[in-house]
Amino acid sequence: MSSADDLITLSNETVGNSTFFAYIGQYIDLDYSIWLYRLLTPVLVTFLLPCAFVLLIYCTISFLYIYKLHSRFILQVYNEGDFDFWDVARTLVAVVWDAHGWIFHGYEVCGLENLPETGPALIIYYHGAIPIDMYYFTARVYLKRQRLIYTVGDRFLNKVPGWKLLARVMKISPGTVQSCASVLRDGNMLSIAPGGVYEAQFGDSNYELLWRQRVGFAKVAIESKAPIIPMFTENLREGFRSVGLAKRLFIRLYNAVRFPVRPIYGGFPVKFRTHLGAPIQYDPSLSPEDVQEKVAFAIEELINRHQRIPGSIFDALVDRFITRKTKAK
């Protein structure tokens, strides 16, 4: 056989092999794509579910803007006596959030009697990956007690588009020791999470308090002489969680930018139950560090009594249907 015939034969074999592997590759790629799709779909869903929470916030903001644009017509209807223009909007927003909490998480509040009917109260709470429990709690108290809870929020929230109107209506602000004490002296209720965004980002299902050396809330309590109400929401970390990988890297990044950088996943319809502890009354003999220690102990007591540690998403889902007995004091 000539060299030309050899080349033709070799060429035909190469083309044949290429066609064969391409044919097989189509099926392999198809099967791989289906496998990858089935594998990643639950993962993608768990990262997309928190977007529903963000969507609800922006629905709330959109409603407030529409309400503001129609202020002239609303004021024509409510034109008698002392009328706070935003009261109606707050009530409607509270109804929506309270309904969402009840439907999606079977939300309950235990110990509501520990909140004063009138007068100031400083509510100190554990900060979950997303403080959705504080939205539900504020709505429930507003509907049950007709009292608005002022809230201290992180400064980065002011950079979120549309947030300023929501913050103005629902009384959310960064606050200083002096401004927070002034809010309490005026007879209002104020909520603070000493752990802040750091606790939200780097806390886990063991529910350890990550307050570091923060005593600002204690100074507020001492200056205002207001009672402190410890608060903790059961299964909060099972509803939303932070990604557990590369924790040290995310801590360094957070310390550099002071902005939430750690991805959050979840949105699971677990049971949420907020527990309020007995009021901690003003004691002039206590220093800010003493107050911090006393309040931290009270919240840890709530956690140890009502929370399964480490938290379990499956068990938290079961809690929607079976009431778990709390630990004895």
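Here, the structure is the one placed above.
Residues numbered from 1 in each chain as written. Predicted model: local features only at pLDDT ≥ 70, side-chain atom pairs only at ≥ 80, totals over all residues. Heavy atoms only, no water.

K.L.:
Before we go on, may I ask you to explain the overall build of the protein in this structure?
P.N.:
Across its full length, the protein carries 13 helices and nine strands. Relative to its 329 residues, the protein shows a buried fraction of 43%. Within the protein, contacts between residues separated by at least 24 positions form 80% of all contacts whose residues are at least 6 apart in sequence. Accessible area of the protein: about 18,200 Å², with a carbon and sulfur share of 62%. (Helix = DSSP H or I, 4+ residues; strand = E, 2+ residues; numbered from the N terminus. Buried < 20%, exposed > 50% of the residue type's maximum accessible area, 1.4 Å probe, protein only. Contact = heavy atoms within 4.5 Å. Areas by Shrake-Rupley, 256 points an atom, 1.4 Å probe, with all protein chains shown as cover.)

K.L.:
In this structure, what is going on with the pairing of strand β6 (residues 228-234)? I would like to understand it.
P.N.:
A regular strand places its side chains so that they alternate between the two faces of the sheet. Counting buried positions along β6 yields seven of seven residues, so the element is predominantly enclosed. Of the two faces of β6, the one lined by I228, P230, F232 and E234 and the one lined by I229, M231 and T233 are each fully buried. As paired strands, β6 and strand β9 (residues 273-276) are joined by four bridges and run antiparallel to one another. Bridge assignment links T233 to a residue of β9, and that residue is T274. (Pairing = 2+ DSSP bridges.)

K.L.:
Mind showing me how you'd approach the nonpolar core here?
P.N.:
Most often, soluble globular proteins have nonpolar side chains that are buried together. Among the nonpolar cores identified, the biggest contains 84 residues, and W97, L115, L122, I124, I132, F137 and V295 are the most heavily contacted of them. If near-sequence neighbours (up to four positions away) are discounted, W97 is found in contact with F53, L56, I57, T60, I132, Y135, Y136 and A139. (Core = buried A, V, L, I, M, F, W, Y, C linked by side-chain atoms within 4.5 Å.)

K.L.:
Help me out: how do you make sense of unusual backbone geometry in this one?
P.N.:
The phi angle of most residues is negative, glycine excepted, and most peptide bonds adopt the trans form. Look at the link from I309 to P310: it is a cis peptide, with omega at -5°. Structurally, the position occupied by P310 is in the loop between α12 (288-306) and α13 (313-318). With a phi close to 55°, Y207 is a non-glycine residue in the positive phi region. Relative accessible area serves as the criterion here: at 3%, Y207 is assigned to the buried category. Despite not being glycine, K225 has its phi angle at roughly 60°, a positive value. Within the fold, K225 resides in the loop between α9 (216-224) and β6.

K.L.:
Where do I start with the packing of helix α2 (residues 50-69) against helix α6 (residues 163-170) in this structure?
P.N.:
Helix-helix packing is characterised by the crossing angle of the two axes and by the distance between the axes. Look at α2 against α6: their axes get within 9 Å of each other, and the N-to-C directions meet at 75°. In terms of their interaxial angle, α2 and α6 are classed as roughly perpendicular. Residue-level inspection shows I57, T60, I61, L64, Y65 and K68 of α2 in contact with α6, the latter providing W163, L165, L166, R168 and V169. A breakdown of the residues in the contact of α2 with α6 according to their chemical character gives eight nonpolar, one polar and two charged. (Axes fitted to C-alpha atoms, helices over the stretch in contact; angles between N-to-C directions. Parallel < 35°, antiparallel > 145°, perpendicular 65-115°, else oblique. Nonpolar A, V, L, I, M, F, W, Y, C, P; charged D, E, K, R; others polar.)

K.L.:
Help me understand the sheet that holds strand β4 (residues 172-173), please; the structure alone is not making it clear to me.
P.N.:
Think of a sheet as strands paired side by side through backbone hydrogen bonds, with each pair either parallel or antiparallel. The seven strands are arranged β1-β9-β6-β2-β5-β3-β4 in an open sheet whose pairing can be described as mixed. At either margin of the open sheet sits one strand with a lone partner, and together these are β1 (108-110) and β4. Here β1 pairs with β9 via three bridges, running parallel. Residue pairing across strands places E108 opposite R273, the latter belonging to β9. Those strands touched by helix α7 (residues 177-185) are β2 (121-125), β3 (149-152) and β5 (189-192), and its axis lies near 145° from that of β5. Lying on the sheet, α12 is in contact with β2, β6 and β9; it crosses β6 at an angle near 30°.

K.L.:
What is the right way to look at the packing of α7 against α9 in this model?
P.N.:
One way to put it is that α7 packs onto α9 with a least axis distance of 9 Å and a crossing angle of 45°. In terms of axis orientation, α7 runs oblique to α9. Crossing of α7 over α9 shows right-handed handedness. Contacts between α7 and α9 involve V177, Q178, C180, A181, L184 and R185 from the first element and G216, K219, V220, E223 and S224 from the second. (Left-handed = near helix turned anticlockwise from the far one by under 90°.)

K.L.:
What's the story with the side chain of H275 in this structure? I'm lost.
P.N.:
Mapped onto the elements, H275 comes out in strand β9. Of the polar contacts made by the side chain of H275, one reaches the side chain of E234; its length is 2.9 Å. (Polar contact = N/O pair within 3.5 Å; in protein donor to acceptor, adjacent residues only side chain to side chain.)

K.L.:
Would you mind going over the environment of R168 with me for this structure?
P.N.:
Along the polypeptide, R168 turns up in helix α6. What makes R168 partly exposed here is its relative accessible area of 44%. Sequence-wise, R168 and W86 are 82 residues apart; in three dimensions their C-alpha atoms are separated by 9.9 Å. Ignoring sequence-local partners within four residues, the contact set of R168 consists of K68 and W86.

K.L.:
What exactly am I supposed to notice about the pattern of salt bridges here?
P.N.:
Opposite charge on two side chains allows them to pair when their charged atoms are near. In total, this model carries ten salt bridges according to the counting rule given. The residue E238 makes a salt bridge to R241 at a minimum N-O spacing of 2.8 Å. For E238, a relative accessible area of 0% corresponds to the buried category. Judged by relative accessible area, which is 19%, R241 ranks as buried. Through salt bridges with shared partners, one network takes in E108, E234, K271 and R273. (Salt bridge = Lys/Arg side-chain N within 4 Å of Asp/Glu carboxyl O.)

K.L.:
Whenever I open this one, α9 confuses me. Can you help?
P.N.:
Each α-helix turn comprises 3.6 residues. Residues three or four places apart therefore point the same way. All buried positions along α9 are accounted for by F217, A218, V220, A221 and S224. All buried residues of α9 lie within an arc of 155° about the axis, which places them on one face of the element. In this structure, the buried side of α9 is in contact with β2, α7, β5, β6 and α12. Directly beyond the C-terminal end of α9, a positive phi value near 60° is found at K225. (Arc of directions from axis to C-beta.)

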